[in-house]
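For reference, the chains in residue letters:
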Amino acid sequence: TSNTPGISDGSDGSVNGGSDTDGQTGGQAGGLVDINTADRETLMTLPGIGALKADKIIAYREANGGFSSVEDIMLVGGIKEGLFNKVRDSICVGR
């Protein structure tokens, strides 16, 4: 059947369960966390990102004018390639 529960080709707009927010609240865009605008609580929803790393991400972007690419998150102290690999599919960089 074409209405198999849990299977979606995305054509109905319900990718990732649909949107539960109105707009860009909390730095999220289309299910991705924008590391240039996300608040502490939103950053902490990412795997491996706790309060300390969230604070470091915010401090880095404030000191450096934001991130140019998702890979730039590895310039933040304590975020190396292993952690980047866990979060890269969940983050984006907006302006």
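In what follows, the structure referred to is the one given above.
Please read these numbers as outputs of a predicted model, since none were measured by experiment.

Scoring rules and cut-offs
Residues numbered from 1 in each chain as written. Predicted model: local features only at pLDDT ≥ 70, side-chain atom pairs only at ≥ 80, totals over all residues. Heavy atoms only, no water. Helix = DSSP H or I, 4+ residues; strand = E, 2+ residues; numbered from the N terminus. Contact = heavy atoms within 4.5 Å. Areas by Shrake-Rupley, 256 points an atom, 1.4 Å probe, with all protein chains shown as cover. Core = buried A, V, L, I, M, F, W, Y, C linked by side-chain atoms within 4.5 Å. Buried < 20%, exposed > 50% of the residue type's maximum accessible area, 1.4 Å probe, protein only.

Novice: Describe in detail the overall build of the protein chain, supporting the description with residues and values.
Specialist: A tally of helices and strands in the protein chain yields three helices and three strands. Each helix and strand of the protein chain, placed in order from N terminus to C terminus, yields the pattern β-β-α-α-α-β. Nonlocal contacts in the protein chain, meaning residues at least 24 apart in sequence, comprise 45% of its contacts between residues at least 6 apart. As displayed, the protein chain has an accessible area near 6,000 Å², and 48% of this comes from carbon and sulfur atoms.

Novice: Quick rundown of the nonpolar core? Include the residues and the values.
Specialist: Counting residues in hydrophobic clusters, the biggest one holds 19 residues, and the most contacted among them are Leu43, Leu46, Ile49, Ile57, Ile73, Ile79 and Ile91. Listing elements by their share of this core, those giving two or more residues are helix 2 (51-64) and helix 3 (81-87). A per-element tally of this core places helix 2 first, with four residues. In this structure Ile79 touches Ile49, Lys53, Ile57, Ile73 and Met74, once residues within four positions along its chain are discounted.

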